[in-house]
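Working through the structure, step by step
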Amino acid sequence: MTGIERVGVVGGGLMGSGIAEVNARAGKDVIVVESSPAAVDNARQRLTSSLERAESRGKIESAAAVLDRIRVVDDLTALADRDIVIEAIVEDEAAKTDLFRRLDEIVTSPDAILASNTSSIPIMKLAVATQRPSHVLGVHFFNPVPVLKLVELVPSLMTDAATTERARAFVQDDLGKNAIDCQDRAGFVVNALLIPFILSAIRMLESGFATAEDIDQGLVLGAAHPQGPLALADLIGLDTTKAVAESLYEEFKEPLYAAPPLLARMVEAGLLGRKTGRGFYTYG
Ligand code: NAI
């Protein structure tokens, strides 16, 4: 028993809504905080359609029953009584450190865990924005959260071992995920390997070496990947892919992490992948 029943999620986008969904499906009481009334509506819509899809596929008995356990609001102070808060806002260091400073003031229980779903921002930077660095760690889910089983657990140098073990029990026993342990270095295990792979595929496309379809088909049929690197970038979101690449580059100064100009131009154009209907591919 982890004693974690009241869960807060900040950010109800691609990841935050998925994290809210798996928590509510596990019976937790969930509050999602978004940044504006319009964003609240979008998050609620995203949750409703995902849960209705799960119901129609027989994965859950009742979407309505799960939705009943989720409140979506635009007021951060609603998180005061939470046992854990999982942050899943934009991959922006200033926005995240400001949020952790505010969460530290709002969340009352001294045992509460403040977790981040960041893909690449050092957990230490978030921990030191609070007065409780021993209770801050990275809990990094994968997209789509209801489907993928992995969670990377990322304690900083200041995280208590007890906090990490409680978070491990929460993700494994309560949410049914598998946890792996990572050091607090940009990209952790999976993105440190995946992002340079995606960037290499973008460079290959950019140089005219092969088409997007052929690059992706090469990896699907030739290496048994479930999808090619460019389709995967569209799924992750090209803005998030670029932000993670920039954090990796900032940390290691290795050219293999540098975002190619084509990726930058696509993000500037608002071609962000599936979430905007167009990235390397067009979505209906
Ligand atoms: P997204 O752009 O889909 O969602 C971010 C949401 O945060 C938006 O709905 C936005 O309105 C909201 N938001 C922004 N500032 C806020 C604030 N101050 N308070 C409340 N809400 C706020 O982004 P996505 O993809 O969900 O990424 C979120 C985090 O998860 C990032 O740190 C990203 O690195 C990480 N992540 C992303 C993965 C992916 O495949 N997209 C995979 C694993 C982690």
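Residues numbered from 1 in each chain as written. Predicted model: local features only at pLDDT ≥ 70, side-chain atom pairs only at ≥ 80, totals over all residues.

A few words on the pairing of strand β8 (residues 178-181). Both strand β7 (residues 150-155) and β8 contribute to a ladder of four bridges, which runs parallel. Its bridge partner being in β8, Leu 153 is matched across the sheet by Asp 181. For the segment spanning β7, helix α6 (residues 161-174) and β8, crossover handedness is right-handed. (Pairing = 2+ DSSP bridges. Helix = DSSP H or I, 4+ residues; strand = E, 2+ residues; numbered from the N terminus. Right-handed = clockwise from strand over helix to strand, strands pointing away.)

Two numbers describe how helix α1 (residues 14-25) lies on helix α2 (residues 37-56): the axes approach to 10 Å, and their chain directions differ by 50°. Looking at the two axes, α1 sits oblique to α2. The interaxial crossing formed by α1 with α2 has right-handed handedness. Contact residues: α1 offers Ser 17, Ala 20 and Glu 21, while α2 offers Ala 43, Arg 46, Leu 47, Ser 50 and Leu 51. When its residues are assigned to classes, the contact of α1 with α2 shows four nonpolar, two polar and two charged. (Axes fitted to C-alpha atoms, helices over the stretch in contact; angles between N-to-C directions. Parallel < 35°, antiparallel > 145°, perpendicular 65-115°, else oblique. Left-handed = near helix turned anticlockwise from the far one by under 90°. Contact = placed C-beta atoms within 7 Å. Nonpolar A, V, L, I, M, F, W, Y, C, P; charged D, E, K, R; others polar.)

For the chain, per-residue confidence averages 97 on the pLDDT scale, and 100% of positions sit at 70 or higher. Predicted complex metrics record ipTM = 0.98 and pTM = 0.92. (pLDDT = per-residue confidence, 0-100.)

Inspection of the secondary structure puts Ile 195 in helix α7 (residues 190-206). Counting along the chain gives 62 residues from Ile 195 to Tyr 257, while the straight-line C-alpha distance between them is 7.2 Å. Among all residues touching Ile 195, those that are not within four sequence positions of it are Gly 187, Val 244, Ala 245, Leu 248 and Tyr 257.

On to the site of the ligand, then. Taken together, 27 residues form the shell around the ligand, and within it Gly 11, Gly 13, Met 15, Ser 119 and Asn 143 come nearest. Secondary-structure elements contributing two or more residues to the shell around the ligand are α1, α4 (93-106) and β6 (136-141). If you tally residues by element for the shell around the ligand, the top one is α1, at three residues. Here the shell around the ligand is composed, by residue class, of 13 nonpolar, 12 polar and two charged. Two domains each put at least three residues into the shell around the ligand: domain 1 (6-181) and domain 2 (190-276). (Near = placed C-beta within 6 Å. Domains from an automatic or database assignment.)

This part takes up α2. Between its first and last C-alpha atoms α2 spans 28 Å; for 20 residues at 1.5 Å apiece the expected length is 28 Å, and the two agree. Among the residues of α2, those classed as buried are Ala 43, Leu 47 and Leu 51. All buried residues of α2 fall inside an arc of 55° around its axis, so they share one side. Seen from the buried face of α2, the exposed residues on the opposite side, beyond 90 degrees, are Ala 38, Ser 49 and Ser 56. Elements that come into contact with the buried residues of α2 comprise α1, β2 (29-33), α3 (63-67) and β3 (70-73). A positive backbone phi angle near 75° is found at Gly 58, which sits one or two residues after α2. (Expected span 1.5 Å × (residues − 1). Buried ≥ 20, exposed ≤ 12 C-beta atoms within 10 Å, placed from the backbone. Arc of directions from axis to C-beta.)

Attention now goes to the sheet that holds β2. If you walk across this open sheet you meet the eight strands as β3-β2-β1-β4-β5-β6-β7-β8, and the pairing is mixed. The sheet terminates laterally at β3 and β8, the two strands that pair on one side only. Strand-to-strand twist in this sheet, taken as the mean axis angle between neighbours without regard to direction, amounts to 25°. The sheet contact formed by strand β5 (residues 113-116) and β6 spans three bridges and is parallel. Paired with Ala 115 across the two strands is Leu 137, which belongs to β6. Contacts between α2 and the sheet are confined to β2 and β3, with β3 contributing the most and set at about 155° to the helix.

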